[in-house]
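The chain contents come next:
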Amino acid sequence: MPHETGVGDRRAATTIARTTAKRAARSGAVWGTLFGVLVANEALSYHKNFPTVASRESFARTIGSNSALTAIIGPARQVDTIGGFVAWRVFGLLIIVGAVWGLLTATRLLRREEDAGRWELLLAGRTTRRHAAAQAIAGLAAGWALLWALTAALAAVAGARPTVGFPVSASLFYATAATASAAMFLAVGALASQLAPSRRQANGLAALVFAVFYLIRMVADSGTAPAWLRWGSPLGWAENLHPLTGSQPLALAPIVLFTGVTAGAAVILAGRRDLGTAILARHRPASASTRLLGGPAGLVIRLERWVALSWIGGLAALALIFGVTARSAAAGNVGVAAITQQLGRLGAHPADPAAAWIGYEFVFLAALLAFAAAAQISAMRAEEADGHLDNLLTRHLDRGRWLAGRLGFSVVFVLACGVATGTGGWIGIAARNSAVGFAAMMQAGLNAAVPALFILGLGTLLYGLAPRLAAPILYTVILWSFLVEIIGSSITSNHWLLDTAVLTHLGPVPATSLHWTAIAWLTGFAVIATLAGLAAYNRRDLAAA
Amino acid sequence: MVAAIRTEGLAKSFGATAALRPLDLEVGEGEVLGYLGPNGAGKTTTIRCLLGLIRASAGRADIFGVDAQARPAQAHRRLAYVPGEANLWPGLTGRQTLHLLGRVQGKIDLAYRDDLIERFQLDPSKRVRAYSKGNRQKVLLIAALSSRADLLILDEPTTGLDPLMEETFRQCVAEARQRGQAVFLSSHILSEVEALSDRVAILRAGELVEVGTLAEMRHLSALSIDATFDTTPPDLSRVPGVTAVDVEGNRVRCQVAGSVEPLLGVLAASGVHQLLSREPSLEELFLAHYGREPAAGVEASHAA
């Protein structure tokens, strides 16, 4: 019937948009909740952290004179007010995380789909390359909309409390500013997906763009460059919105323009290139070297080396930044009631504020390291789901040997991350003449690797029992731990609930000595879970995606 | 002599669905067994059980006397496998992939590998991601054949190959057979199976319905008869053993199973002018087993 055909046509014409939107929305919902919880937590805990005017003024003076912190997470404006504090406290973090979320989501749903051959199937339908790309970008926009909506909703709920008192419009504008980088980098990721010949390279290209913009913004905020330089970076544009501290809606114009032009360029380029090719065609000849291809151990090093080195380098760099800023940050933050309470709960009663601060920050690095460990289990599962593993396990190679070797690489990788984190932190601290020694920082780094080892053990067990569920469960466990770590002690004193978070059991080394009992429990569980996982893996069917 | 493959009551279920019903099968050394069945019949499930990639629900599978379920790595020592889908590491070149697979296999005839690269016209310097489907399949065929393994397990091995390369593949399998290698060939291409196989096994809905040489199968199957008469043909539908009678003017086509004597008697008495009889092709044998019955969709969803 004509009516039904019309409906069918419309549905067919928007299939790609709906499919992409569904997948982007899942991730947008998770990160939107996290963004919203972070904002709400800062708003709701403000009066607990700064109960007196004097404490607010003292904090504002410390932060205002801290050029290192300003360069890293952006300038502080009116931090002696609740609006200024909330805007400063998590805004810089949300801009960075939002940008990374945007670029990874876009390349995952565009270039990875093309790499896997699924894009080809969609293009065989009643669409064109250009139209399909436009639809996919519309789907990404829906994912961003959910990210914004959840951030805005939770900020508005917290803002409505009498102790906070943000107008709804201010909360909505804050969410817009906090997720502006996500929108811009969704577009950057979409463009990189047209320019680069694989998802990995698209990620690299988009990350390079992010790094350049971040550096420009960093230099602009360091106080050594003219203020107009901030307009040279889209990350600076987001800062110029001044949410909760005298909103500047006009500064949205370059953000909207940049997002629109970049997304438009992605659509045009998608129409101009052949499927499976890239605008920046690779002319580099393939390497003929067979180094590291003597067996499965070498293969995993070859496949994972750049990912591993990126994690190691990234964690070392972050630890270095924490080390450099430890003294000045401690002066401003260790007095904050929530952090002091958190440190106390973790067993630290700091005599040295810098050590306390670095110990507190290393708990967050431990969460990142746990993500790196979960990504290892995810990569293992991908080897099996993609059918690559069949090529090895149908030859003279035992399943258990393969998994043990693969896990061996992951353990070495996690420990290397721990060593790099400790070393980076020590270099940073030593550069600012803080009195925390190399041995203490190395302990801190390896301590941060303990939850990652726990995740590897749990991941192996899940991989052996239910491979399809392993990665989702692991990421949920880490996210839960992270949330409990951030807000758990503010909202409950129920230690049973707090103990469900693996990060809770870590001591904030170097502010405390190592919690040997907790380390023994966590690593002991990891060993037993690994052995059980190996046994289960040996008994189960290999399963495709 | 130890059989290359021996299964006893080998079965696999996915939940309540029986993908493979108890299977008793044997492939001798130097024998080529064609393994036929429509989509979802259980061919890939059988192969994945033989390789120990999935756990059998019941029964046993031995490769040269080694229990493939209990000790898969040892069973793999004497076999090479080519899957129907060439899932290779996209960042490696063809040569790097062949090197890696050869090292994991543990045994490789380098001169033969170079010869195969030439015969299959593969450019090994390209990355796998730049290969067509057929070229990726060639990489796996070369890796398996150059191992000179005593048993080749091939699951739809010519997927994506052009007719010239398919001919090269047939020559290679024939050479392997001459060298005494056993081949377990699962294929949809009936002409390929007919040309290469010593015996054929036919699977339906997870159950082995026929196994034997083509000659044995033909002997047990109906003959195709095509008779032309001077006048109106007689009614052959009541003759014992005769089925599928199709009358077109003075011409009759039918199938006859068992003794042809009753049919010949009727034809001779009815003034037959021309008589042609033909043994069924493998395609006809295959279709006779499946007829118009729908195939079970088990393998496609679980193990394809």
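Please read these numbers as outputs of a predicted model, since none were measured by experiment.

K.L.:
Lay out the overall build of chain A with the relevant residues and their values.
P.N.:
On a plain count of helices and strands, chain A comes out with 23 helices and zero strands. Scored against the burial criterion, the 545 residues of chain A give a buried share of 50%. Counted over contacts in chain A with a minimum sequence separation of 6, partners at least 24 positions apart contribute 76%.

K.L.:
Run through the interface of chain B and chain A, naming residues and quoting values.
P.N.:
Listed by partner, the interface residues are 26 residues for chain B and 24 residues for chain A. Those elements giving two or more residues to the side of chain B that touches chain A turn out to be α2 (72-76) and α3 (94-105) of chain B. The dominant element in the side of chain B that touches chain A, judged by the number of residues it contributes, is α3 of chain B, at eight residues. By residue class, the composition of the side of chain B that touches chain A is eleven nonpolar, eight polar and seven charged.

K.L.:
Pulling in residues and values, what's your account of the packing of helix α11 (residues 180-195) of chain A against helix α12 (residues 199-221) of chain A?
P.N.:
Residue and element names in this part refer to chain A. Across the interface, α11 lies against α12 with an axial gap of 8 Å and an inter-helix angle of 135 degrees. Taken as axis vectors, α11 and α12 run oblique relative to one another. For the crossing formed where α11 meets α12, the hand is right-handed. For the pair α11 and α12, contact is made by Phe185, Val188, Gly189, Ala192, Ser193 and Leu195 and by Ala202, Leu205, Ala206, Val209 and Phe210, respectively. Of the residues contributing to the contact of α11 with α12, the split by class is nine nonpolar, two polar and no charged.

K.L.:
If you had to explain helix α5 (residues 133-145) of chain B to someone new, which residues and values would you point to?
P.N.:
Residue and element names in this part refer to chain B. With 13 residues, α5 extends 18 Å between its outermost C-alpha atoms, agreeing within 8% with the 18 Å of an ideal straight helix rising 1.5 Å per residue. With respect to burial, α5 is a largely interior element, eleven of its 13 residues being buried. Looking only at α5, the buried set comprises Asn135, Arg136, Gln137, Lys138, Val139, Leu140, Leu141, Ile142, Ala143, Ala144 and Leu145. Tucked inside the fold, the buried residues of α5 contact β6 (79-82), α3, α4 (110-119), β7 (151-155) and α6 (163-178).

K.L.:
I'd like a description of the sheet that holds strand β5 (residues 66-67) of chain B, backed by residues and values.
P.N.:
Residue and element names in this part refer to chain B. Taken in spatial order, the four strands line up as β2-β1-β4-β5 in an open sheet, and their pairing is antiparallel. The sheet terminates laterally at β2 (17-27) and β5, the two strands that pair on one side only. Of the pairings in the sheet, the one linking strand β1 (residues 5-14) to strand β4 (residues 58-63) comprises five bridges and is antiparallel in character. Residue pairing for β4: alanine 11 is matched across the bridge by alanine 58. Each of β1, β2 and β4 touches helix α1 (residues 43-50); the most contacted strand, β2, lies at about 65 degrees to it.

K.L.:
Pulling in residues and values, what's your account of unusual backbone geometry?
P.N.:
Across the junction of valine 509 of chain A and proline 510 of chain A, the peptide omega takes the value 15 degrees, indicating a cis bond. Backbone geometry places glutamine 121 of chain B, a non-glycine residue, at a positive phi of 50 degrees. With respect to the secondary-structure elements, glutamine 121 of chain B resides in the loop between α4 and α5. In this model, alanine 205 of chain B sits at a positive phi of 50 degrees, which is unusual for a non-glycine residue.

K.L.:
Report on the sheet that holds strand β13 (residues 251-256) of chain B, specifying residues and quantitative values.
P.N.:
Residues and elements named next belong to chain B. Pairing within the open sheet is antiparallel, and its four strands lie in the order β12-β13-β11-β14. Among the strands making up the open sheet, the edge pair consists of β12 (242-248) and β14 (272-278). On average, each strand axis in the sheet is tilted by 15 degrees relative to the strand beside it, whichever way the strands run. Pairing of β12 with β13 involves five bridges; the strand directions are antiparallel. The residue of β13 that forms the bridge with glutamate 248 is arginine 251. With respect to the sheet, helix α9 (residues 261-269) is in contact with β11 (223-229), β12, β13 and β14, its orientation differing from that of β14 by roughly 155 degrees.

K.L.:
How would you sum up the confidence of the model for chain A? Please name residues and give values.
P.N.:
With 88% of its residues at a pLDDT of at least 70, chain A reaches an overall mean of 86. Taken as a whole, residues 1-5 of chain A scores under 50 in pLDDT and shows zero contacts with residues more than four places along the chain or in a different chain.

K.L.:
Give a detailed account of the pairing of strand β3 (residues 32-36) of chain B, specifying residues and quantitative values.
P.N.:
All names here are of chain B. Buried residues dominate β3, accounting for five of its five residues. Side-chain alternation along β3 places Val32, Gly34 and Leu36 on one buried face and Leu33 and Tyr35 on a second face that is also buried. Note that β3 and strand β9 (residues 199-204) share four bridges and pair parallel. By the bridge assignment for β9, glycine 34 is matched with valine 200.

K.L.:
Tell me about helix α14 (residues 252-272) of chain A, and please be specific about residues and values.
P.N.:
Residue and element names in this part refer to chain A. Helix length check: α14, at 21 residues, gives a terminal C-alpha distance of 30 Å against a target of 30 Å (1.5 Å per residue), a fit within 8%. Residues of α14 that are buried: Ile255, Thr259, Thr262, Ala263, Ala266, Val267 and Ala270. Down the axis, α14 shows its buried residues gathered within 135 degrees of arc, on one side only. Residues of α14 that are exposed and angled more than 90 degrees away from the buried face: Ala253, Leu257, Gly260, Val261 and Arg272. Among the structural elements, α9 (129-159), α11 and α13 (234-239) are those in contact with the buried residues of α14.

K.L.:
Describe in detail the environment of phenylalanine 409 of chain A, supporting the description with residues and values.
P.N.:
Residues and elements named next belong to chain A. Secondary-structure assignment places phenylalanine 409 in helix α19 (residues 399-431). Along the primary structure phenylalanine 409 and arginine 112 are separated by 297 residues, whereas in three dimensions their C-alpha atoms are 25 Å apart. Dropping the residues within four chain positions of it, phenylalanine 409 is found in contact with Val300, Ile301 and Glu304.

K.L.:
Please provide a residue-by-residue account of the packing of helix α2 (residues 15-44) of chain A against α9 of chain A, values included.
P.N.:
All names here are of chain A. Viewed as axis vectors pointing N to C, α2 and α9 meet at an angle of 25 degrees, and their least axial separation amounts to 6 Å. Of the possible angle classes, the one that applies to α2 and α9 is roughly parallel. Pair α2 / α9 crosses with right-handed handedness. Residues belonging to the contact of α2 with α9 are distributed by class as follows: 28 nonpolar, twelve polar and no charged.

K.L.:
Explain the confidence of the model for chain B residue by residue, including any values.
P.N.:
Residues and elements named next belong to chain B. Per-residue pLDDT for chain B has a mean of 89; in total, 95% of the residues score no lower than 70. Low pLDDT (under 50) marks residues 292-304, which in the prediction has 34 contacts with non-local residues, meaning those over four places away or in another chain. Scoring of the predicted complex yields 0.79 for pTM and 0.83 for ipTM.

K.L.:
Summarise the environment of isoleucine 142 of chain B; cite the residues concerned and give the values.
P.N.:
Counting through the fold element by element, isoleucine 142 of chain B comes out in helix α5. In this view, isoleucine 142 of chain B contacts Leu98, Arg113, Leu116, Ile117, Phe120 and Leu122 of chain B; residues no more than four positions away in its chain are not counted.

Rules used throughout
Residues numbered from 1 in each chain as written. Chains lettered and ligands numbered in written order. Predicted model: local features only at pLDDT ≥ 70, side-chain atom pairs only at ≥ 80, totals over all residues. Helix = DSSP H or I, 4+ residues; strand = E, 2+ residues; numbered from the N terminus. Buried ≥ 20, exposed ≤ 12 C-beta atoms within 10 Å, placed from the backbone. Contact = placed C-beta atoms within 7 Å. Nonpolar A, V, L, I, M, F, W, Y, C, P; charged D, E, K, R; others polar. Axes fitted to C-alpha atoms, helices over the stretch in contact; angles between N-to-C directions. Parallel < 35°, antiparallel > 145°, perpendicular 65-115°, else oblique. Left-handed = near helix turned anticlockwise from the far one by under 90°. Expected span 1.5 Å × (residues − 1). Pairing = 2+ DSSP bridges. pLDDT = per-residue confidence, 0-100. Arc of directions from axis to C-beta.

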